[in-house]
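Listed here are the chains, written in short residue letters.
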Amino acid sequence: MESMGKKKPRPRRSFTPEFKAEIVDVCQRGDRSIGQVAKDFDLTETAVRDWIRQAEVNAGERDGLTSDEREELARLRRENRRLREDVDILKRATAFFAKETR
């Protein structure tokens, strides 16, 4: 009886760029509402709206970071984090060896 009324969270799914583009095309045709498209394809309305918004940014119809810019930013942040870790390791090694030589 405890499980009544509580929905199990849906596992996180990932979709190909081609699938997202197809969903955006269906929505932009105007045959069906975003809510109906989301329901028909078992998607969340929020996800579909996000895909449409990102497609508009990529097409230059809306301000924001394009998909390519987002990927580059994520890559640069990962690289920056790795380089900071490398510098931290080198600082600790320098301090260690400076103690040893005294």
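Refer to the structure presented above.
Model, not experiment: these values are computed from the prediction. (Residues numbered from 1 in each chain as written. Predicted model: local features only at pLDDT ≥ 70, side-chain atom pairs only at ≥ 80, totals over all residues. Heavy atoms only, no water.)

Just checking my understanding: could you explain the overall build of the protein for this structure?
Looking only at helices and strands, one finds four helices and zero strands in the protein. Taken over C-alpha atoms, the radius of gyration comes to 23 Å for the protein, far larger than the 13 Å a tight globule of 102 residues would show. In terms of overall dimensions, the protein has a C-alpha envelope of 80 × 50 × 20 Å along the principal axes. Relative to its 102 residues, the protein shows a buried fraction of 13%. Summed over all atoms, the accessible surface of the protein reaches about 9100 Å², with 51% contributed by carbon and sulfur. (Helix = DSSP H or I, 4+ residues; strand = E, 2+ residues; numbered from the N terminus. Rg over C-alpha atoms; globule rule 2.2 N^0.38 Å. Buried < 20%, exposed > 50% of the residue type's maximum accessible area, 1.4 Å probe, protein only. Areas by Shrake-Rupley, 256 points an atom, 1.4 Å probe, with all protein chains shown as cover.)

How should I be thinking about the pattern of salt bridges in this particular structure?
Should their charged atoms come close, side chains of opposite charge can pair. Applying the stated criterion to the full structure yields eight salt bridges. Of the charged contacts in the structure, one is a salt bridge between Asp50 and Arg53, with a shortest N-O distance of 2.8 Å. Of this pair, Asp50 and Arg53 both sit in helix α3 (residues 45-58), separated by three residues, roughly a single helical turn. For Arg53, a relative accessible area of 37% gives the class partly exposed. (Salt bridge = Lys/Arg side-chain N within 4 Å of Asp/Glu carboxyl O.)

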